[in-house]
Amino acid sequence: MTIAMLAIPPLIPAILGNEWILASKYIIVLIPIAFLNLIYTPFMMIFVKLHLTKQYTIWALIRLLILSIVLFTCYSFNASVFNTLVAYAIGLALCYNFAYAYILVWANSGHTLES
């Protein structure tokens, strides 16, 4: 991911032209968002495997709420697109980390797949 964040932004204007310089700025933020979605989307199926569909639904609603608040706040304060993407990436990372922590707490509390 770090290599992509360092290598891709200079390549975009070199390949597509100078009018794409702004896109390379956004790529720096979009790469971590794509990485988070790539890693955590299959990981969230652990909720289904552990028969925690109710908790998954609650987590999905909390994620929706947090990301909606982030986007609404950025819109309300007229944040730039770049700052909105950064705030979105941070909110997304927090959501996934909370879900991961919940699964770890659940697993360490003595639960098994059979219980």
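Here, the structure is the one placed above.
An account of the accompanying structure is given in this report.

Reading guide: rules and limits
- Residues numbered from 1 in each chain as written.
- Predicted model: local features only at pLDDT ≥ 70, side-chain atom pairs only at ≥ 80, totals over all residues.
- Heavy atoms only, no water.
- Helix = DSSP H or I, 4+ residues; strand = E, 2+ residues; numbered from the N terminus.
- Rg over C-alpha atoms; globule rule 2.2 N^0.38 Å.
- Areas by Shrake-Rupley, 256 points an atom, 1.4 Å probe, with all protein chains shown as cover.
- Phe/Tyr/Trp six-rings, centres within 6.5 Å; stacked < 30°, edge-to-face > 60°.
- Buried < 20%, exposed > 50% of the residue type's maximum accessible area, 1.4 Å probe, protein only.
- Lys NZ or Arg CZ within 6 Å of the ring centre and 35° of its normal.
- Core = buried A, V, L, I, M, F, W, Y, C linked by side-chain atoms within 4.5 Å.
- Contact = heavy atoms within 4.5 Å.
- Expected span 1.5 Å × (residues − 1).

## Describing the overall build of the protein
At step 1: For the protein, the helix and strand inventory stands at five helices and zero strands.
At step 2: Counting helices and strands in the order they occur from the N terminus, the protein gives α-α-α-α-α.
At step 3: Computed over the C-alpha atoms, the radius of gyration of the protein is 18 Å, more than 25% above the 13 Å expected from 2.2 N^0.38 for a compact globule of 115 residues.
At step 4: Overall, the C-alpha framework of the protein stretches about 60 × 35 × 15 Å when taken along its three principal axes.
At step 5: Here the protein has roughly 7800 Å² of accessible surface; of this, 74% comes from carbon and sulfur atoms.

## Some words on the packing of aromatic side chains
Two measures describe an aromatic ring pair: the distance that separates the ring centres and the angle between the ring planes.
At step 1: As enumerated under the stated definition, the model contains five aromatic pairs in all.
At step 2: On the basis of an interplanar angle of 50° and a centroid distance of 5.6 Å, the ring pair of Phe47 and Tyr56 is categorised as tilted.
At step 3: Relative accessible area serves as the criterion here: at 1%, Phe47 is assigned to the buried category.
At step 4: Taking relative accessible area as the criterion, Tyr56 reaches 26% and is therefore assigned partly exposed.
At step 5: Ring geometry for Phe47 against Trp59: centres 6.4 Å apart, planes inclined by 25°, an arrangement best described as stacked. Highlighted residues: Phe47 in helix α3 (residues 45-49) and Trp59 in helix α4 (residues 53-76), separated in sequence by twelve residues. Of the two residues examined, Phe47 and Trp59, each falls in the buried class.
At step 6: One aromatic cluster in this structure is built from Phe47, Tyr56, Trp59, Tyr96 and Tyr102.
At step 7: Above the face of the Phe82 ring, Lys25 is positioned so that its terminal group lies 5.0 Å from the ring centre.

## Section: the nonpolar core
At step 1: In terms of nonpolar packing, the biggest core is built from 19 residues, with Ile33, Tyr40, Met44, Phe47, Trp59, Leu92 and Tyr96 touching the most fellow members.
At step 2: Put simply, the parts of the chain that give this core at least two residues each are α2 (21-43), α4 and α5 (81-108).
At step 3: For this core, the leading source of residues is α5, giving eight residues.
At step 4: The residues touching Phe47, leaving out its near neighbours within four places in the chain, are Leu52, Thr53, Gln55, Tyr56, Ala99, Tyr102 and Ile103.

## Quick notes on α5
At step 1: For α5, spanning 28 residues, the distance from its first C-alpha to its last is 40 Å, which sits close to the expected 40 Å at 1.5 Å a residue.
At step 2: The set of residues buried in α5 consists of Thr84, Leu85, Ala89, Gly91, Leu92, Cys95, Tyr96, Ala99, Ile103 and Trp106.
At step 3: Just downstream of α5 lies Gly110, where phi reads positive at about 95°.

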